[in-house]
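What the coordinates show
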Amino acid sequence: MKIEERFINYTKFDTQSAEDTGTVPSTSKQLIFAKYLKEELEKEGLEDVEMDNMGYIYATLPANTDKDIPTIGFISHYDTALDASGANIKARIIRNYDCNDIELSKGIISSTAKFPELLEHKGEDIIVTDGTTLLGADDKAGIAEIVQAMCYLRDHNDIKHGKIRVGFNPDEEIGMGAHHFDVEKFGCQWAYTMDGGDIGDLEYENFNAAAAKVTIHGVSVHTGYAKGKMINAARIACEFNSMIPVTDIPETTEGYQGFYHLLGIEGACEEAKLSYIIRDHSREKFNDRKKFMEDIAKKLNEKYGDGVVEIKLNDQYYNMKEKIDPNIHVVDLVVKAMEMSGVKPKVEPIRGGTDGAQLSFRGLPCPNIFAGGVNFHGPYEFVSIQVMEKAMDVIVNICRLTANYND
């Protein structure tokens, strides 16, 4: 099976995760794909294939040499983002892309003016959506690349390698993907998530991340008799958000600059809710940001009364750099593998996070490698077939290089 066929087949499954369901995985439809993927791995001849009741899949490509070689792993998540629909995806291949604007569907245009990243893929074969859903290259492209690489190594016994483990999980998009990943069972000395962006991306710095849930308790009174009695929760919610500096939001930040992002707001007079994520590469600034939001709640409670504004903060993951730096060989191997594959490494901080960040703090050093998706989490997402093939080749070369690690 060609890598594009494998990937497009994966996109036919709706695997969107969801917040606050209280289940693992967060949506039952993820298990439908997980069962399919488990069966595919078995058909492709991988060993020790298993899926637990939460949808975590583990499998092994056995070593083809008796040398003492570290066991390494490759990981991707199969859920898709909440930002756009993941149902009824209509993937289409544009062969030999000519750098013109693309009509995804009637009246829906992916333009090079708005998405100049398209211009980097002239002459390549790119996979797009119909403009009504996301594509799911984040992270089904990563899964396709890992599976394709394992099949390649299976069929090319001349490439010596140690034991290789693969792992696929749900719920990465809601920050829960690594929570139930069994690091001990995975049994690797280090691993890689195939969950990055365009070709060459190599990331081992990411945001420190927290979620903030703000609940505002109001008092509803007839508007004609409201003076001195009413507490309008919806209005206070707007006031809360107005106290977030506009210089510290995703729309105005880049590089190492952190932010507060309002995910959603809902409310009425009696109750209102705001949902935020907080991000910063610096642990110190990250902690300052959390305190800043608590201070906003404190000020509003001083103004409107104790208990009117309630805030709950939950740390999601931390910057993996502090765990990767002592194990920098895991990054050096990727750089060499990319160079062998004719790929120029682009080592940059992630303005986001991956399961690898959490896994690194659980004793499994796990930097992040490009999977090829561009403009992910939205209907203008695309991925280049040639970039997916390069990512697969990088995986193969990492395994090849690791075979000589102890020499």
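Now for a quick tour of the structure. (Residues numbered from 1 in each chain as written. Predicted model: local features only at pLDDT ≥ 70, side-chain atom pairs only at ≥ 80, totals over all residues. Heavy atoms only, no water.)

Structural notes on the overall build of the protein
This is how it is decided: Runs of H or I in DSSP of at least four residues are treated as helices and runs of E of at least two as strands, each being numbered from the N terminus. Working rule for contacts: check all heavy atoms of both residues, and any pair within 4.5 Å makes them a contact. Using a 1.4 Å probe, the Shrake-Rupley method yields the accessible areas, and only the shown protein chains count as cover for residues. Positive charges come from Lys and Arg, negative ones from Asp and Glu, while His and the chain ends are left out of the count. Each charge is placed at NZ for Lys, CZ for Arg, CG for Asp and CD for Glu.
What the protein contains, in helices and strands, is ten helices and 18 strands. Taken along the three principal axes of its C-alpha coordinates, the protein extends 85 × 50 × 35 Å. If you take every contact in the protein between residues at least 6 apart in sequence, the share linking residues at least 24 apart comes to 79%. Of the roughly 17,800 Å² of accessible surface on the protein, a fraction of 48% belongs to carbon and sulfur atoms. Within the protein, one finds 44 positive and 66 negative side-chain charges whose respective centroids are separated by 3 Å.

What to know about the nonpolar core
Inclusion rule: The nonpolar core is taken to be a set of buried Ala, Val, Leu, Ile, Met, Phe, Trp, Tyr and Cys residues, with the residues joined through side-chain atoms within 4.5 Å. Only protein chains enter the accessibility calculation, which uses a 1.4 Å probe; a residue whose area is less than 20% of its type maximum is buried, one above 50% is exposed, and one in between is partly exposed.
Counting residues in hydrophobic clusters, the biggest one holds 69 residues, and the most contacted among them are Phe7, Phe74, Met150, Phe168, Tyr192, Ile369 and Ile398. Looking at this core, the element that brings in the most residues is helix α10 (residues 385-402), giving eleven residues. Not counting the four nearest positions on each side in its chain, isoleucine 398 is found in contact with Ile72, Phe74, Tyr192, Val334, Ala337 and Ile369. Core analysis: the next-biggest nonpolar cluster, separate from the first, contains 24 residues, Met293, Tyr304, Val308 and Val309 among them.

Regarding the packing of aromatic side chains
Where we set the bar: Paired rings are identified among Phe, Tyr and Trp, the last through its six-membered ring, by centres lying within 6.5 Å, and are further divided according to the angle between planes into stacked (under 30 degrees), edge-to-face (over 60) and tilted (the rest). Any Lys NZ or Arg CZ found within 6 Å of a ring centre and within 35 degrees of that ring's normal is scored as a charge over the ring.
Per the stated rule, a full pass over the model turns up 17 aromatic pairs. Ring pairs connect the aromatic residues Tyr10, Phe13, Phe33, Tyr36 and Tyr78, which therefore count as one cluster. The lysine or arginine in question, arginine 283, covers the ring of tyrosine 318, its NZ or CZ lying 4.0 Å from the ring centre.

Notes on the environment of proline 170
Along the chain, proline 170 turns up in the loop between β8 (164-169) and α4 (183-186). Judged by relative accessible area, proline 170 falls into the buried class, the value being 0%. Leaving out residues up to four positions away in the same chain, proline 170 has contacts with Pro25, Gln30, Met54, Gly55, Tyr56, Tyr78, Asp79 and Gly177.

A word on the sheet that holds strand β15 (residues 346-347)
So the rule is basically this: We treat two strands as partners when DSSP finds at least two bridges between them. Every angle, taken between N-to-C directions, lies between 0 and 180 degrees, and every axis is a line fitted to C-alpha atoms, over only the stretch in contact when it is a helix.
The eight strands are arranged β1-β2-β8-β3-β9-β16-β10-β15 in an open sheet whose pairing can be described as mixed. Sheet topology places β1 (47-51) and β15 at the edges, where each strand pairs with a single neighbour. Against the sheet, helix α3 (residues 137-155) touches β2 (57-61), β3 (72-77), β8, β9 (190-196) and β16 (368-370), its axis set at about 145° to β3. Packing against the sheet, helix α8 (residues 329-340) makes contact with β9, β10 (201-203) and β16, and its axis sits at approximately 55° to β9.

Points about the packing of helix α1 (residues 3-11) against α10
Formally: Orientation is classified from the angle alone, with under 35 degrees giving roughly parallel, over 145 giving roughly antiparallel, 65 to 115 giving roughly perpendicular, and any other angle giving oblique. Polarity classes work like this: nonpolar for Ala, Val, Leu, Ile, Met, Phe, Trp, Tyr, Cys and Pro, charged for Asp, Glu, Lys and Arg, and polar for all others, with Gly in that last group.
The interhelical angle for the contact between α1 and α10, taken along N-to-C directions, is 105°, at an axis separation of 10 Å. One finds that α1 runs roughly perpendicular with respect to α10. Contacts between α1 and α10 pair Ile3, Glu4 and Phe7 from the former with Ile385, Met388, Glu389 and Met392 from the latter. When the residues that make up the contact of α1 with α10 are grouped by side-chain class, the tally is five nonpolar, no polar and two charged.

A word on the pattern of salt bridges
Condition: Salt bridges are counted wherever a side-chain nitrogen of Lys or Arg sits within 4 Å of a carboxyl oxygen of Asp or Glu.
Scanning the model with the defined rule gives 19 salt bridges in all. We note a salt bridge from aspartate 315 to lysine 290, for which the minimum N-O separation is 2.9 Å. Here the residue aspartate 315 occupies a position in strand β14 (residues 309-317), and lysine 290 occupies one in helix α6 (residues 283-304), the gap between them amounting to 25 residues. Within the structure, one salt-bridge network assembled from shared partners comprises Arg6, Glu40, Glu44, Arg154 and Asp155.

A look at unusual backbone geometry
With an omega dihedral of 0°, the bond running from valine 24 to proline 25 counts as a cis peptide bond. The peptide bond linking aspartate 138 to aspartate 139 adopts the cis configuration, its omega dihedral lying at 15°. Inspection of the secondary structure puts aspartate 139 in helix α3. Unusually for a residue other than glycine, aspartate 171 sits at a positive phi of about 65°. In this structure, aspartate 171 sits in the loop between β8 and α4. Using a relative accessible area of 3% as the deciding quantity, one classes aspartate 171 as buried.

So, the packing of α3 against α10
Short version of the rule: Crossing chirality is assigned from the near helix's rotation relative to the far helix, an anticlockwise turn below a right angle marking it left-handed and a clockwise turn marking it right-handed.
In the contact formed by α3 and α10, the axes pass within 8 Å of each other and the chain directions differ by 50°. It follows that α3 is oblique to α10 by the angle criterion. Classified by chirality, the crossing of α10 by α3 is right-handed. The residues of α10 that touch α3, namely those facing Ala141, Glu145, Ile146, Gln148, Ala149, Met150, Tyr152 and Leu153, are Met388, Ala391, Met392, Ile395, Val396 and Cys399. Among the residues making up the contact of α3 with α10, the classes are represented as twelve nonpolar, one polar and one charged.

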